[in-house]
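Topology and contacts: notes
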Amino acid sequence: CWERMPQGHVYYYRSPRHNRQYVLSFPFCFDRADESYYFAYCFPYTYSFLQRFLQSLDSRSMPHYRRECLGRTVQQRRLDIISISSPANLQLDANAHPFANESSTPRVNVSSVAPSVAPNSQSTETTLVPKASTTHPSTAPEQSTRRLTSPRATPSHLTTPLTPQKLNVLFISARVHPGESPASFVMHGLLLFLISEHPAARTLRDLVVIKLIPMLNPDGVFLGNYRCNSLGLDLNRLWHAPPPYAAPTLAAVRQLAQSYMCSDGCEVHLFLDMHAHSTCMNGFVFANVPEDPRLMECVAAFPRALGNHAKDLSYSGTKWCSDPAKAGTGRRALGAMLPGVHCYTLEVSFFCAAHGNVKTEPYTPQSYTEMGQSIGLALHEYFTTSRSQHPSPPLSVPQRTSIMRTASAGTTRVS
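Report on the accompanying structure. In this text, all values refer to a predicted model and were calculated from it rather than measured experimentally.

Moving on, we come to the sheet that holds strand β7 (residues 266-277). Taken together, eight strands build an open sheet; the order of strands is β3-β4-β6-β5-β7-β10-β8-β9 and the sheet is mixed. Either end of the sheet is taken by a strand with one partner, and the two such strands are β3 (65-72) and β9 (319-320). Relative to β9, strand β8 (residues 283-287) runs parallel, the two sharing two bridges. Bridged to Phe286 within β9 is Lys319. Contacts from helix α9 (residues 296-309) reach β7, β8, β9 and β10 (342-349) within the one sheet, and its direction differs from that of β10 by about 30°.

Structure follows, in structure tokens:
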């Protein structure tokens, strides 16, 4: 069982012996010589645990859930993509993109709720038995999502399934930076919410096809890296032009997103990339600054919905970022490549929430998974009310195709 070090036993200071660089130190007493001790920056969420968790969902044969292998990493690990929607929407999705049915074929060739997981090692990954393995996933999420139910989350006039004219698609990804394990716990909670029988989850499945990429950097996670993949590359600076031989996971996701944008029967609405922040408390959203100021409210609609349902993700913390140093991130690069698609980065704290200057209890895996369920409720509000109040101007398929060709050639200006 993982336990946090007492705050009074952890020291972070500039060390005179290390050229005034910051040093983290802590005392620890090893009680028994015959026991193994592990130290981790945060609660681990390993690649092997993700595979076991997804296999447990596969065994349930849910009609609104589909798992596929979108590609392979440099070291030939799976890049899983999860599609969640109504059975009718999933059938339309499979017909529109038949390659998605080849679950075991890589797209790019290269030559319960609060799991407690042990650290990776390079040769094998050992994990403690998580609660999700001892409690069937079908029971835990409903208990937790019932606690989140509110009149605002599921108004009666929005619980009737709606039939979209097009196949509406959104993408959500996590763990492009392998050391940011809180993002995986948030994704875990979101996934449990989306497959649940919560009224908001059922309505959302009728409205959209949710594409989840729970682990963008499986090699980095398996190897225990903090920020890079197996080749030492920071993938979240390569989204604008990922080399398929070195960043095949990004290339596969870009290719898939482009194919949906070029499809006349599909409409891509949103891309959300989940991260964890090492210095901030609470959580916040990075959003792209639209070139047309009239679109600000439209872009702000999702962060507002998020703040309505997740108390630690207040809209006031939203950061409108056009920093040139971030041009290679998923948010910036896909925002330039996919015109009309609202792209965001979600950051959650490694440590805790804070009310003003008062820190609250440190986050736990349970806290993060509940945050993921709140994101599910925010998506429900966004697609049932916010978008209708602030619709984006539509783009024709020829316009999208023309802009994407420019972006692929590397000539699109990133603002």
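For the structure on display, the rule yields 20 aromatic pairs. Counting every residue linked through ring pairs, the aromatic cluster contains Tyr45, Phe49, Phe53, Phe185, Tyr363 and Tyr368. When the ring centre of Phe222 is taken as origin, the NZ or CZ atom of Arg77, which lies over that ring, is 3.8 Å away. Over the face of the ring belonging to Phe286 we find Lys326, whose NZ or CZ atom lies 4.7 Å from the ring centre.

Here we take up the nonpolar core. In this structure, Ile172, Leu212 and Met274 are the most contacted members of the largest nonpolar core, which totals 63 residues. Looking at this core element by element, the count peaks at nine residues for helix α5 (residues 182-194). Every residue in contact with Leu212, bar those within four places of it in the chain, is listed here: Asp80, Ile81, Ile82, Ile84, Ile172, Met187, Leu190, Leu191 and Leu194. The next biggest cluster of nonpolar side chains, apart from the first, holds 30 residues, and it includes Val209, Ala247, Leu334 and Cys343.

Let us look at the pattern of salt bridges. According to the stated counting rule, one finds 16 salt bridges in the structure shown. Of the charged contacts, one joins Lys211 and Asp93 as a salt bridge, the two residues approaching to 2.7 Å between their closest N and O atoms. Exposure remark for Asp93: the relative accessible area of 0% places this residue in the buried category. With a shortest N-O distance of 2.9 Å, Asp292 and Arg294 are connected by a salt bridge. Arg294 sits in the exposed class, given a relative accessible area of 72%.

Our next topic: empty space enclosed by the protein. By volume, the second largest cavity is sized at about 60 Å³. Surrounding the second largest cavity, Thr73, Val74, Asn217, Pro218, Asp219, Asn229, Leu235, Ala246, Ala247, Pro248 and Thr249 form its lining. Contributions of two or more residues to the lining of the second largest cavity are made by α7 (218-223) and α8 (248-262). Across the lining of the second largest cavity, the residue classes break down as six nonpolar, four polar and one charged.

Buried residues dominate helix α10 (residues 330-337), accounting for seven of its eight residues. Gly330, Arg331, Arg332, Ala333, Leu334, Ala336 and Met337 are the residues of α10 that are buried.

This part takes up the pairing of β7. Here is the key point about a regular strand: its side chains alternate between the two faces of the sheet. The element β7 is largely enclosed, with a buried count of 12 among its 12 residues. Two elements, strand β5 (residues 167-174) and β7, share eight bridges in a ladder whose sense is parallel. Paired with Ser173 across the strands is Asp273, a residue of β7. Sheet analysis places β7 next to β10, joined by eight bridges and oriented parallel. Looking across to β10, one finds that His277 is bridged to Ser349.

Quick notes on the rules
- Residues numbered from 1 in each chain as written.
- Predicted model: local features only at pLDDT ≥ 70, side-chain atom pairs only at ≥ 80, totals over all residues.
- Heavy atoms only, no water.
- Pairing = 2+ DSSP bridges.
- Helix = DSSP H or I, 4+ residues; strand = E, 2+ residues; numbered from the N terminus.
- Contact = heavy atoms within 4.5 Å.
- Axes fitted to C-alpha atoms, helices over the stretch in contact; angles between N-to-C directions.
- Phe/Tyr/Trp six-rings, centres within 6.5 Å; stacked < 30°, edge-to-face > 60°.
- Lys NZ or Arg CZ within 6 Å of the ring centre and 35° of its normal.
- Core = buried A, V, L, I, M, F, W, Y, C linked by side-chain atoms within 4.5 Å.
- Buried < 20%, exposed > 50% of the residue type's maximum accessible area, 1.4 Å probe, protein only.
- Salt bridge = Lys/Arg side-chain N within 4 Å of Asp/Glu carboxyl O.
- 1 Å grid on protein atoms, 1.4 Å probe; cavity = no way out; pocket = protein on both sides within 12 Å on 5 of 7 lines; lining within 4 Å.
- Points joined across faces, edges and corners; volume = space filled by probe spheres on them.
- Nonpolar A, V, L, I, M, F, W, Y, C, P; charged D, E, K, R; others polar.

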